[in-house]
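What follows is the residue order along each chain.
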Amino acid sequence: LDRACVSWVTLLSIGHMMTTATLAAKIFRVKRLVDAGLNVRRVQITVAQVSWFIVLFVGLDAIVLTVWFVTDPYQWVVKSSSDDLNGYVNEAVGECDSEGDNYWVYPLLIALLHVAVLIYANWLAYATSKYHNISDSK
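Rules of the game
- Residues numbered from 1 in each chain as written.
- Predicted model: local features only at pLDDT ≥ 70, side-chain atom pairs only at ≥ 80, totals over all residues.
- Heavy atoms only, no water.
- Helix = DSSP H or I, 4+ residues; strand = E, 2+ residues; numbered from the N terminus.
- Rg over C-alpha atoms; globule rule 2.2 N^0.38 Å.
- Contact = heavy atoms within 4.5 Å.
- Areas by Shrake-Rupley, 256 points an atom, 1.4 Å probe, with all protein chains shown as cover.
- Lys, Arg positive; Asp, Glu negative; His and termini not counted.
- Charge placed at Lys NZ, Arg CZ, Asp CG, Glu CD.
- Salt bridge = Lys/Arg side-chain N within 4 Å of Asp/Glu carboxyl O.
- Buried < 20%, exposed > 50% of the residue type's maximum accessible area, 1.4 Å probe, protein only.
- Patch = residues over 30% accessible without salt bridge, like charges linked within 9 Å, V, L, I, M, F, W, Y side chains within 5 Å.
- Pairing = 2+ DSSP bridges.
- Axes fitted to C-alpha atoms, helices over the stretch in contact; angles between N-to-C directions.
- Parallel < 35°, antiparallel > 145°, perpendicular 65-115°, else oblique.
- Left-handed = near helix turned anticlockwise from the far one by under 90°.
- Nonpolar A, V, L, I, M, F, W, Y, C, P; charged D, E, K, R; others polar.

Go over the overall build of the protein, please, and point to the residues and values.
On a plain count of helices and strands, the protein comes out with four helices and two strands. In sequence order, the secondary structure elements of the protein are arranged as α-α-β-β-α-α. Here the C-alpha atoms of the protein give a radius of gyration of 22 Å, more than 25% beyond the 14 Å that 2.2 N^0.38 yields for 138 residues. With the principal axes as the frame, the protein shows a C-alpha extent of 85 × 30 × 20 Å. If you take every contact in the protein between residues at least 6 apart in sequence, the share linking residues at least 24 apart comes to 64%. Total accessible area on the protein stands at roughly 9,500 Å², and carbon and sulfur atoms take up 63% of it. Across the protein, the mean location of the 10 positive side-chain charges is 32 Å away from that of the 12 negative side-chain charges.

Pulling in residues and values, what's your account of the pattern of salt bridges?
Inspection of every chain in the model, using the stated rule, returns three salt bridges. When the shortest N-O distance is used, the salt bridge between K31 and D35 registers 2.8 Å. Here K31 pairs with D35, and both are found in helix α1 (residues 2-38), just four residues apart, close to one helical turn. You can call D35 partly exposed: its relative accessible area is 28%. Note that E95 is salt-bridged to K79, the shortest N-O span being 3.0 Å. In this pair, E95 sits in strand β2 (residues 89-97) while K79 sits in strand β1 (residues 75-83), placing the two residues 16 residues apart along the sequence. K79 sits in the partly exposed class, given a relative accessible area of 39%.

I'd like a description of a nonpolar patch on the surface, backed by residues and values.
Residues W52, L56, L60, I63 and V67 make up a contiguous nonpolar surface patch of about 440 Å² in total accessible area. Mapped onto the elements, W52 comes out in helix α2 (residues 47-71). We classify W52 as partly exposed; its relative accessible area is 44%.

How would you explain the pairing of β2 if you had to name every residue and give the values?
By the bridge criterion, eight bridges tie β1 to β2 in an arrangement that is antiparallel. Looking at the pairing, S80 lines up with A92 of β2. In this antiparallel pair of consecutive strands, β1 and β2, the connection spans five residues, and G87 shows a positive phi of 90 degrees.

Hey, could you go over the packing of α1 against α2 for me, with residue numbers and the actual values?
Two elements in contact, α1 and α2, have axes whose closest approach is 9 Å; the angle formed by their N-to-C orientations is 160 degrees. Relative to α2, the element α1 is oriented roughly antiparallel. Where α1 crosses over α2, the two elements pack in a sense that is right-handed. Of the residues in the contact of α1 with α2, the class split is 18 nonpolar, four polar and two charged.

Written out as structure tokens, the structure is:
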């Protein structure tokens with residue numbers, strides 16, 4: 001069950017970052033195209049120019065997760081919640097738990113990284129909102 005604790009957090013974090021970074025990259029591409037069109041310039045946006053954003057932020061997410069689970073991994077812990085008079089366990093509760101003192105640092109880093117991407121994507125959506133026929137931001 002230790003692997004389940006680690007994989008749940010990893011899949012949730014990487015999945016959210018892939019979704020958010022992909023949407024931000026799409027809006028970034030629309031903004032570049034519209035800005036070039038307004039200035040009557042021809043611009044070619046390659047897959048590499050858009051993909052760097054996704055790869056960068058998913059990579060940063062993966063680095064933080066790797067450092068977290070190497071230094072202070074989640075482990076499945078079973079705690080007794082109810083004992084009888086003879087000391088036998090009546091009820092036990094299992095949960096993913098971290099033993100380190102700084103258990104809050106890595107989730108905070110991941111949350112800040114995700115919020116930063118969301119803020120950037122929202123700013124891009126706002127900047128392209130007047131071109132809502134193209135950008136789908138309204």
